[in-house]
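# Geometric and topological summary
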Amino acid sequence: MSDAFFHITHENKDSLARTGILHLPHGVVHTPVFMPVGTKGTVKAVSRESLEEIGFEIILANTYHLYLRPGTGLVREAGGLHGFTRWERNFLTDSGGFQVFSLSALRKFNSEGVTFRSDIDGSKHFFTPENVVQAQADLNSDIQMQLDICSGWGVERKEAERALRITSDWANRAVAEWKKQQEAGYKGVLFPIVQGNFFEDLRKESAEFVSSLDTPGLAIGGLSVGEPPEEFARMLRHTVQFITRDKPRYVMGIGTPQYIFEAVGDGIDMFDCVQPTRIARHGMYFTRKGMLSIKQKRFEKDWNPIDPECRCPVCRTYSRAYLRHIFREQEILSSILASYHNLYFLHDMMNGIRAAIAEDRFEQFRADFLGRFESGAV
């Protein structure tokens, strides 16, 4: 199945970086790819038309939030997420596991599933590996994730072992349910998730187990959860060596240039994060010379664009002075423009990364890009 679903188009000579193509129900996706997060069926402050204009081929939505409101049954009636949102390209849906397990005071889990109370109205719900697959089939996800347990940075080994044991069992149950949904006509695919916290032997065990499952791709979870950057890099490099190379690899929850370059260099194909649009709402912009906080007084009479090298409509049209003004006045347009720019920046960076891999100059491109980005010269 994975041969038809994903094929590698080029492997870089000086790293594990590779380019590839995912063949999904709503079009192809070129990898490595950054996926914007539309948690509740919308990327905050960014329209469907803008996402298409930038060139994104896949975005995320979250099962937990859509299950609670408006309800996955209603979305199914609308024709799935594509009919409901009118985004006609691909959707990846997170299982909601991370959100549920973030509600430490509102949930309890055992081997069967997890009971939790809604953060909206306190109502009680129960997620199992099977009904989460069913919910994502209702959403008509192009890629769906298994329900898993994400244990946090710094937990003791006993807790990590229990979380991994349950996650592995849930992966088997999710795969079985996914195959039933496929027999019923569902076209999307399922990715199981590697866990194991920050214990090398548990990571190895989980990576080898997940690689052996009959699924088209897989995800690496439990990273970027508060650990130091060097620990993220170390554990990612350790984990990747035990994962089959012929399946697409997805690291969940990373969205800064430093983390993305690290992941691509380790052979990761997919990643997502809310960070680019979240920081945009706080007046933070990506530029090729580092992060720019538009709230600073030094931009009060600065008629230059956010990034003179950027070709997005925001940089072609507006000055730093104007963008500072609308941010200070708390105009909605500030969030719209900053979010557009930040997503454009990352999409353009990914285009550059794919070109560099294809030309066997990824490591040089990484050094040049991060050298400027981390210079603080903005």
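This write-up is about the structure you can find in this document. The structure displayed is predicted, hence computed values, not measured ones.

### Points about the overall build of the chain
Helix and strand counts for the chain come out as 16 helices and 17 strands. Computed over its C-alpha atoms, the radius of gyration of the chain comes to 21 Å, within 12% of the 21 Å expected for a compact globule of 378 residues. In terms of principal-axis extent, the alpha carbons of the chain reach across some 60 × 50 × 40 Å. Taking all 378 residues of the chain together, the buried fraction comes to 58%. Long-range pairs, those at least 24 residues apart, make up 67% of the contacts in the chain between residues at least 6 apart in sequence. By element, 48% of the accessible surface of the chain is carried by carbon and sulfur atoms, the whole surface being about 15,800 Å². The distance from the centre of the 45 positive side-chain charges to the centre of the 48 negative ones in the chain is 5 Å.

### Structural notes on the sheet that holds strand E10 (residues 143-145)
Strand order in this open sheet of four strands is E5-E6-E10-E11, and the pairing throughout is parallel. Looking along the sheet, the strands with just one partner apiece sit at the ends: strand E5 (58-62) and strand E11 (189-191). On average, adjacent strands in this sheet sit at an angle of 25° to one another, irrespective of strand direction. In this structure, E5 lies alongside strand E6 (residues 90-94), joined through five bridges in parallel fashion.

### Points about the sheet that holds strand E13 (residues 218-220)
As a general point, the strands of a sheet are linked pairwise by backbone hydrogen bonds and lie either parallel or antiparallel. Taken in spatial order, the five strands line up as E4-E15-E14-E13-E12 in an open sheet, and their pairing is parallel. The two strands at the open ends of the sheet, each matched to only one other strand, are strand E4 (33-36) and strand E12 (193-194). In the sheet, strand E14 (residues 249-251) pairs with strand E15 (residues 270-273) via two bridges, with the strands oriented parallel. Its bridge partner being in E15, tyrosine 250 is matched across the sheet by methionine 270.

### Details of the nonpolar core
Among the nonpolar cores identified, the biggest contains 71 residues, and Phe34, Leu236, Ile260, Val264, Phe271 and Ile353 are the most heavily contacted of them. Here the element with the most residues in this core is helix H15 (residues 332-358); it accounts for twelve residues. Leaving out residues up to four positions away in the same chain, isoleucine 260 has contacts with Phe34, Ile254, Gly255, Phe271, Leu346, Met349, Met350 and Ile353. Counting 29 residues, the second largest nonpolar core, distinct from the first, contains Met35, Leu60, Ala171 and Val189.

### Some words on the pattern of salt bridges
Scanning the model with the defined rule gives 22 salt bridges in all. The partner of aspartate 348 in a salt bridge is arginine 288, with the nearest N and O atoms 2.7 Å apart. A residue pair is termed long-range when its members are at least 10 positions apart, and aspartate 348 in helix H15 and arginine 288 in the loop between strand E16 (284-287) and strand E17 (290-293) qualify at 60 residues. Aspartate 348 sits in the partly exposed class, given a relative accessible area of 31%. Here arginine 372 ties to glutamate 309 by a salt bridge, and the two come within 2.4 Å at their closest N and O atoms. Taken together, the residues span a long stretch of sequence, with arginine 372 in helix H16 (residues 362-373) and glutamate 309 in the loop between E17 and helix H13 (313-317) at a distance of 63 residues.

### Re the environment of valine 75
Note that valine 75 resides in helix H4 (residues 72-77). For the pair valine 75 and threonine 85, spaced ten residues apart in sequence, the C-alpha to C-alpha distance is 9.2 Å. Sequence-distant contacts of valine 75, defined by excluding residues within four places in its chain, comprise Pro70, Gly80, Leu81, Phe84, Asp138 and Leu139.

### A word on the packing of aromatic side chains
Considering all chains together, one arrives at 16 aromatic pairs under this definition. Both rings, one in phenylalanine 116 and one in phenylalanine 127, keep their centres 4.8 Å apart while their planes meet at 65°; by these two values the pair is edge-to-face. Of the two residues, phenylalanine 116 is situated in strand E8 (residues 114-117) and phenylalanine 127 in strand E9 (residues 124-127); the sequence distance between them amounts to eleven residues. One exposure class covers both phenylalanine 116 and phenylalanine 127, and it is buried. Judged by centre distance (4.9 Å) and plane angle (85°), the ring pair of tryptophan 153 and phenylalanine 198 falls under edge-to-face.

### As for unusual backbone geometry
The residue after threonine 31, namely proline 32, is reached through a cis peptide bond having omega 0°. Structurally, the position occupied by proline 32 is in the loop between strand E3 (27-31) and E4. Positive phi, normally seen in glycine, also occurs at glutamine 330, with a value near 60°. In this fold, glutamine 330 is placed in the loop between helix H14 (320-328) and H15.

### Remarks on the environment of glutamate 112
Locating glutamate 112 in the fold gives a position in the loop between strand E7 (107-109) and E8. For the pair glutamate 112 and phenylalanine 127, spaced 15 residues apart in sequence, the C-alpha to C-alpha distance is 8.8 Å. Residues within four places of glutamate 112 in sequence aside, it is in contact with Phe126, Thr128, Pro129, Trp170 and Arg173.

### Comments concerning the state of the cysteines
Inspection of the entire model under this criterion finds zero disulfides. Left unpaired, cysteine 150 is separated from the closest cysteine sulfur, that of cysteine 273, by 14 Å. Free of any disulfide, cysteine 315 has its nearest neighbouring cysteine sulfur in cysteine 310, separated by 3.8 Å.

### Quick look at a positive patch on the surface
A grouping of Lys40, Lys44, Arg69, Arg278 and Arg281 is seen on the molecular surface, where their side chains present a positively charged patch. Relative to the assigned elements, arginine 69 resides in the loop between helix H3 (63-68) and H4.

Analysis parameters
Sequence order sets the numbering: in each chain, residues are counted from 1 along the sequence as written. It should be noted that, the model being predicted, local features are given only for residues of pLDDT at least 70 and side-chain atom pairs only at 80 or more, the latter also being counted only at that level, while totals for whole chains, interfaces and linings use all residues. Side-chain measures here rest on the full set of heavy atoms in the structure, leaving out hydrogens and waters. Only runs of H or I of at least four residues qualify as helices and only runs of E of at least two qualify as strands under DSSP, and these elements are numbered from the N terminus. We compute the radius of gyration over the C-alpha atoms and compare it with the globule rule, which gives 2.2 Å times the number of residues raised to the power 0.38. Relative accessibility thresholds used throughout: buried, under 20% of the residue-type maximum; exposed, over 50%; partly exposed, between the two (1.4 Å probe, protein chains only). Note on contacts: a residue pair qualifies if any of its non-hydrogen atoms lie within 4.5 Å across the two residues. Surface exposure here means Shrake-Rupley accessible area, sampled with a 1.4 Å probe, where a residue is shielded only by the protein chains that are shown. For the purpose of charge, His is not counted, nor are the chain termini; Lys and Arg are scored as positive and Asp and Glu as negative. In this description, the location of a charge corresponds to atom NZ of lysine, CZ of arginine, CG of aspartate or CD of glutamate. Note on pairing: two strands pair once DSSP finds at least 2 bridges between them. Whenever a helix is involved, its axis is fitted only over the stretch in contact; in every case the axis is a line through C-alpha atoms, and angles between N-to-C directions fall within 0 to 180 degrees. Buried residues of nine kinds, namely Ala, Val, Leu, Ile, Met, Phe, Trp, Tyr and Cys, make up a nonpolar core once their side-chain atoms join them within 4.5 Å. Here, a salt bridge means any Lys or Arg side-chain nitrogen found within 4 Å of an Asp or Glu carboxyl oxygen. Two aromatic rings from Phe, Tyr or Trp, using only the six-membered ring of Trp, form a pair when their centres are within 6.5 Å; if the ring planes differ by under 30 degrees the pair is stacked, by over 60 it is edge-to-face, and anything between is tilted. When two cysteine sulfur atoms lie within 2.5 Å, the pair is treated as a disulfide. By definition, no residue in a patch forms a salt bridge, and every one has over 30% relative accessible area; like charges are joined within 9 Å, nonpolar side chains (Val, Leu, Ile, Met, Phe, Trp, Tyr) within 5 Å.

Function-wise, these values are silent; they only describe arrangement.
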